[in-house]
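Tertiary structure, described
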Amino acid sequence: MRVKLKGINKVRKRLANGTVVTHYYAWRGKGAPKLEGAPGSPEFIASYEAAHRQRYTGHDGTLQAILNAYQHSPYFKEKAPRTQVDYIKHIRRIETEFGTFPIVALSDRRARGEFLRWRDRLATASRRQADYTLSVLALILAWAFDRGDAPANPLERPSKTYRSTRVDRIWNEDDLEAFRNAAPAHLCLALELALWTGQRQGDLLRLTWAAYDGQRIRLRQSKTGRRVSIPVAQPLRALLEAAKAQRKGLTILTNSRGAPWTSDGFRASWGKVSLDLAGLTFHDLRGTAVTRLAQAGCSVPEIASITGHALKEAEAILDSHYLSRDSGLADLAISKLEKHASGTSFANQTANRALQVGGRSDES
């Protein structure tokens with residue numbers, strides 16, 4: 001029986017005499033042990049298994065042991081598959097740089113500076129990815145500290161190098177109309193789904209017709225695990241019913257061939273249409289949905305019940321990003337105040353005062 005061993009790192013090396021030799025390592029990254037014997041041989045398989053046993057069970061007093069334990073913990077395995085993949089990518093970067101970092105050194109006050117300086121070096125390539133990598137390390141250290149496996153968490157509440165500036169990245173009516181005029185029907189349906197539900201791209205691409213009963217869309221968000229039940233507004237319902245009559249598969253959103261989208265395929269097709277929209281992305285529709293709900297007078301709990309944000313997240317979006325430059329909300333607020341004050345003693349007093357001011361102006 002042929003045994004398939006996962007994660008082996010194959011490295012070719014040219015010797016001084018011109019001969020090319022191949023070395024096999026148990027995994028990628030610094031500290032990976034070299035495998036013995038020819039690939040597929042009993043000696044090769046035994047060395048592979050021994051390396052991984054040591055990797056996942058051995059506790060040699062280094063940060064690598066904590067990283068290994070975290071990846072085998074229920075806390076990690078309960079996360080969405082996509083989140084696990086993202087975390088593992090960042091954990092590999094951490095292993096390469098700090099796998100041999102002594103656990104006892106976490107209590108040294110200089111450890112925080114060491115980690116932050118590393119983050120700053122990563123930030124020269126991408127600030128956002130550098131912050132993500134550090135946040136994964138901070139999360140793992142907090143997990144280990146809570147369990148008593150680390151003497152301290154030197155990355156509690158780390159600062160960030162990247163600040164999202166989504167204030168100007170809201171789809172206005174002109175942007176939406178431009179996209180509708182340029183895009184084919186199957187992409188316009190994706191636009192309207194995002195606009196009326198505020199859901200993430202991945203969740204919408206996976207959404208099946210079984211999740212829509214003619215009145216509501218029900219789904220469980222893959223990133224947070226939250227369940228949302230969204231009433232379908234009439235404009236969206238009309239589009240869904242038209243698409244349902246011509247459906248060719250299980251998913252609501254399909255490509256031009258009627259097949260389910262892949263993430264890469266959708267991004268490529270979407271990008272071709274939205275190139276001229278000043279950097280607006282599909283993800284910006286989620287913030288646009290939050291903004292439109294707020295403009296309609298919805299409260300934060302009402303908005304969160306649709307989009308699936310936690311209340312604090314929804315408040316942060318409204319406070320810090322999307323609404324600080326929105327004149328429409330200011331207009332709505334004054335309109336509400338005028339309606340409330342109309343016919344009250346406050347309105348009468350204000351009118352009388354205006355007349356008095358006007359009278360004094362005439363006299364002068």
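Presented here is a report on the structure given in the accompanying data block. Given the structure is predicted, the values throughout are model-derived calculations rather than measurements.

1. Here we look at the packing of aromatic side chains
Summed over all chains, the structure comprises 17 aromatic pairs. Pairing F266 with F282 gives two aromatic rings, centres 5.3 Å apart and planes at 90 degrees, and the pair type is edge-to-face. Of this pair, F266 sits in helix α11 (residues 263–273) while F282 sits in the loop between α11 and α12 (284–295), and the two are 16 residues apart along the sequence. The rings of W171, F179, W261, F266, W270 and F282 are connected pair by pair, giving a single aromatic cluster. The ring of W196 has R292 sitting right over it, with the charged end atom 5.4 Å from the ring centre.

2. Things to note about the pattern of salt bridges
Side chains carrying opposite charge are able to pair once their charged atoms draw close together. Summed over the entire model, instances satisfying the criterion amount to 13 salt bridges. Here R218 makes a salt bridge to D213, at a shortest N to O gap of 2.9 Å. Exposure remark for R218: the relative accessible area of 43% places this residue in the partly exposed category. Residue D213 is classed as partly exposed on the basis of its relative accessible area, which comes to 46%. D264 is the partner of R267 in a salt bridge, and the nearest nitrogen-oxygen pair spans 2.6 Å. Note that R267 and D264 are positioned in helix α11 at a spacing of three residues, about one turn of the helix.

So, how was this worked out
- Note on numbering: residues in each chain are counted from 1, in written sequence order.
- Only residues with pLDDT of 70 or above have their local features reported here, since the model is predicted, and side-chain atom pairs are shown and tallied only from 80 upward, although totals for entire chains, interfaces and linings are computed over all residues.
- Only hydrogens and water are set aside; all other atoms, that is, all heavy atoms of the structure, feed into the side-chain values.
- Between rings of Phe, Tyr and Trp, where Trp is taken as its six-membered ring, a pair exists when centres lie within 6.5 Å; planes separated by under 30 degrees are stacked, by over 60 edge-to-face, and by other angles tilted.
- By the criteria applied, helices consist of DSSP H or I runs no shorter than four residues and strands consist of E runs no shorter than two, each listed in order from the N terminus.
- The criterion for a charge sitting over a ring is simple: Lys NZ or Arg CZ within 6 Å of the ring centre, and within 35 degrees of the ring normal.
- Whenever Lys or Arg places a side-chain nitrogen within 4 Å of a carboxyl oxygen from Asp or Glu, that contact is recorded as a salt bridge.
- Think of it in three bands: residues with accessible area under 20% of the maximum for their type are buried, residues over 50% are exposed, and the middle band is partly exposed, with areas taken using a 1.4 Å probe on protein chains only.

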